[in-house]
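# Per-entry structural report
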Amino acid sequence: MTGKYDKVAYYPGCALEGTGHAYNRSTKALGDALGLQTVELENWNCCGAMEVKNVDPKIQTYLSARNLTIAEDMGFDTVMAPCNGCYHNLKKAEYDLAHDPESKSVNERLAGKAGHRAYEPGHVETIHALDWIKQGIGEEGLKAKVKNSLKGLKVANYYGCMYTRPRHIFPEKDRGPGSESTLKPHFMDDLLEAAGAENVEYPLKTSCCGGAHTLSDSDTSTRLVLNLLETAEACGADVIATECPTCHSGLEMHQMRAEKVFGKKTSVRILYFTQLLGLALGLSPRKVGVHENFSDAMPMLKQKGLAR
Amino acid sequence: MPIHEKSLIRPENLIEHKDLFIDGIDVSGHWSTFINSRALTDYDESMQEEIAALPGGENIHRCWQCGSCTNACTVNALNPDFNPRYWIYLIRNGMKQELLLDKDIVWQCVSCNKCTYACPRDVNPEGVMKATAHWLELKGHTEKKPSMIFDEGFSQQIIETGKIEDGLVIRQFFARTGQKLAQNWLVAMAIGLAKRLPVAMGIKMGFAAVFHPRTRGWSRARAAIKDYVHEREAANRKALGLPTGEDGR
Ligand code: SF4
Ligand code: SF4
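Described below are features of the structure shown in this document.

Definitions and limits used
- Residues numbered from 1 in each chain as written.
- Chains lettered and ligands numbered in written order.
- Predicted model: local features only at pLDDT ≥ 70, side-chain atom pairs only at ≥ 80, totals over all residues.
- Heavy atoms only, no water.
- Helix = DSSP H or I, 4+ residues; strand = E, 2+ residues; numbered from the N terminus.
- Rg over C-alpha atoms; globule rule 2.2 N^0.38 Å.
- Buried < 20%, exposed > 50% of the residue type's maximum accessible area, 1.4 Å probe, protein only.
- Near = heavy atom within 4 Å.
- Nonpolar A, V, L, I, M, F, W, Y, C, P; charged D, E, K, R; others polar.
- Pairing = 2+ DSSP bridges.
- Axes fitted to C-alpha atoms, helices over the stretch in contact; angles between N-to-C directions.
- Contact = heavy atoms within 4.5 Å.
- Expected span 1.5 Å × (residues − 1).
- Salt bridge = Lys/Arg side-chain N within 4 Å of Asp/Glu carboxyl O.

### Digging into the overall build of chain A
Each helix and strand counted, chain A has eleven helices and eight strands in total. For 308 residues, the compact-globule formula gives about 19 Å, and the C-alpha radius of gyration of chain A, at 19 Å, lands near that figure. With the principal axes as the frame, chain A shows a C-alpha extent of 55 × 50 × 35 Å. Within chain A, the proportion of its 308 residues that are buried is 65%.

Rendered as structure tokens:
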């Protein structure tokens, strides 16, 4: 069977080369285990992250669009970005270039000066790692490959802000059955459930972790993260599944900070959904980068029989 | 039995009106009054236009004051003084003095876009928050806030090299804001990680990064972006009626 996402261009983004390396490792390992191929964009650049738009939004559009040009030049019509920030920015560039003539002309001007072709909207589709697995393999395909069911593992699925907001940049969402919801996303829930996990009803799926100010307004971020962690625990979760390196490292950092600075200890663990799916497919914790996470999930995984 | 909404009627809100007639009917007596009517004379006529001229502020005129943004707002839940709906009201009425009372918290918007999601008028309140923070800074009402220091340092690195190395970002931010890197929680985190990581990777990922990622052949893109940044800075200052020369900033 060949699926539409069997071979996609891969845009890891800066965070996945740094603090989010575990996500990079586990995404690639998961792709290998599922027979999905990724080809990294050649000589990519930062998408503009969450910061450049505050200097000027059109620079962010240019930075993101340059990566879409590369994908197209490499012969791809789909680029997969696991990081919510990258995914969001590439989607936003796509939207702005198609709807805002001024963004389009600035992008053309900057691309011209930089000496490369300007990206034309509509040529490359940006997808998230969740779309890649959910629509490329699906729950049934995943179930067939599960060797080490996540049975007994209670998971709170945390999607954060940038995967669903603002909704106008995600025209494919909210399209009824089969599509993702921006109000109550479920792709991650669906996949983890297929891998045997028991999803808890988590009301803060799309609440904010304060990632934009994780260092510049640490107290706000710590309070927001602490709320996410305590609520997950109150919902009975053993682990919070994440799908964004900024959220993930924010949760880990501020869990530590809440303990050291506010004296509030929480014990829920934080793992990327790709790490959990990888473990379910029988990959070792090391293969999915559990040792690269800031907080140690091994004792919990051992207790649940997911690691030795 | 009359229903008394006691919680709404507070003694300090009661105002006595003598000889108050409406359509010939005498309605004199005590009235619960939330907002005293008043005449504004010191409003700033250009404030809305100036904020609308900065990136993100373009749609502020569309607001119909429903309050959905404030109701949805992440930061409002932590601090009720953080109130996008109210600030938009002040800006649209040119009530600068009132806005300045909150000048030191506007920058705390975390860009979660809950407001943008909720807004029925496509105002993009998140953008308005950024434009307002920017306006406050350009006009000299606030010093550069930590978030802007962070954003600028971060953006500079991207413009210079095409990429970001997060360890370096953290180090530079702490240096620029005069904070010690050895915060107890960061140290605890680094030690926790180091215990489980092979040494070489700890060095690569950690705070002593030895490799600096960069995009090859970036110099032309860098020059193009820098030109554009200067152009925009000048345009923003012009829209705010500020001097645009090199020494103007
Ligand atoms: S983007 Fe800013 S103003 Fe809007 S809801 Fe989030 S914190 Fe509040
Ligand atoms: S949600 Fe939109 S229309 Fe309503 S008060 Fe906020 S900005 Fe104005």
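Alright, that's what it looks like, and here's the rest.
### Considerations on the site of ligand 1
Residue and element names in this part refer to chain B. Neighbouring ligand 1 are 14 residues, the closest being Cys 73, Cys 109, Cys 112, Asn 113 and Cys 115. Sorting the residues of the shell around ligand 1 by element identifies helix H3 (74-78), helix H6 (114-118) and helix H7 (125-138) as the ones contributing at least two each. For the shell around ligand 1, the class distribution of residues is nine nonpolar, three polar and two charged.

### Regarding the sheet that holds strand E3 (residues 78-81) of chain A
Residue and element names in this part refer to chain A. Spatially, E2-E1-E3-E4 is the arrangement adopted by the four strands of the open sheet, whose pairing is parallel. Two strands close off the open sheet at either side, each with one partner strand: strand E2 (37-40) and strand E4 (125-128). Pairs of neighbouring strands in the sheet enclose a mean axial angle of 40 degrees, with direction left out of account. Where E3 lies against E4, four bridges are found, and the strand directions are parallel. Residue pairing for E4: Val 79 is matched across the bridge by Thr 126. Of the strands in this sheet, strand E1 (7-10), E2, E3 and E4 touch helix H1 (residues 21-34), which is tilted by about 165 degrees from E1. Packed on one face of the sheet, helix H5 (residues 129-136) meets E1, E2, E3 and E4 and runs near 90 degrees to E4.

### Remarks on helix H9 (residues 245-261) of chain A
Residues and elements named next belong to chain A. If you check H9, its first and last C-alpha atoms are 23 Å apart, about what 17 residues at 1.5 Å a residue would give, namely 24 Å. Counting buried residues along H9, 13 of its 17 residues qualify, which places the element largely inside the surrounding structure. A positive phi of about 70 degrees marks Gly 263, the residue just after H9.

### Some remarks on the pairing of E3 of chain A
Residues and elements named next belong to chain A. Burial along E3 is two-sided: the face carrying Thr 78 and Met 80 and the face carrying Val 79 and Ala 81 are both buried. Across two bridges, E1 lies against E3 in parallel orientation. The residue of E3 that forms the bridge with Ala 9 is Val 79.

### A closer look at the site of ligand 2
Residues and elements named next belong to chain B. The full set close to ligand 2 counts 14 residues, and Cys 63, Cys 66, Gly 67, Cys 69 and Cys 119 are the nearest of them. Contributing elements (two or more residues each) for the shell around ligand 2: helix H2 (68-72) and helix H4 (84-92). Split into classes, the residues belonging to the shell around ligand 2 amount to nine nonpolar, three polar and two charged.

### Considerations on unusual backbone geometry
The peptide bond linking Arg 165 of chain A to Pro 166 of chain A adopts the cis configuration, its omega dihedral lying at -10 degrees. Of note, the phi angle at Asp 174 of chain A is positive, near 60 degrees, even though the residue is not glycine. Within the element layout of this structure, Asp 174 of chain A appears in the loop between strand E5 (154-157) and helix H7 (187-194). Phi angles above zero are rare outside glycine, and Asp 122 of chain B is one such case at about 50 degrees. Looking at the element boundaries, Asp 122 of chain B is found in the loop between H6 and H7.

### Here's the deal with the pattern of salt bridges
Tallying each qualifying case throughout the model produces 26 salt bridges over all chains. A salt bridge links Glu 231 of chain B to Arg 109 of chain A, with the nearest nitrogen and oxygen atoms 3.0 Å apart. Taken together, the positions of Glu 231 of chain B in helix H12 (residues 219-239) and Arg 109 of chain A in helix H4 (residues 101-114) put the pair across two chains. Assessed through its relative accessible area of 36%, Glu 231 of chain B is described here as partly exposed. According to the relative accessible area criterion, Arg 109 of chain A is partly exposed, its value standing at 37%. The partner of Glu 137 of chain B in a salt bridge is Lys 144 of chain B, and the shortest N-O contact between them spans 3.7 Å. Residues participating in the shared-partner salt-bridge network are Glu 72, Asp 73 and Arg 117 of chain A.

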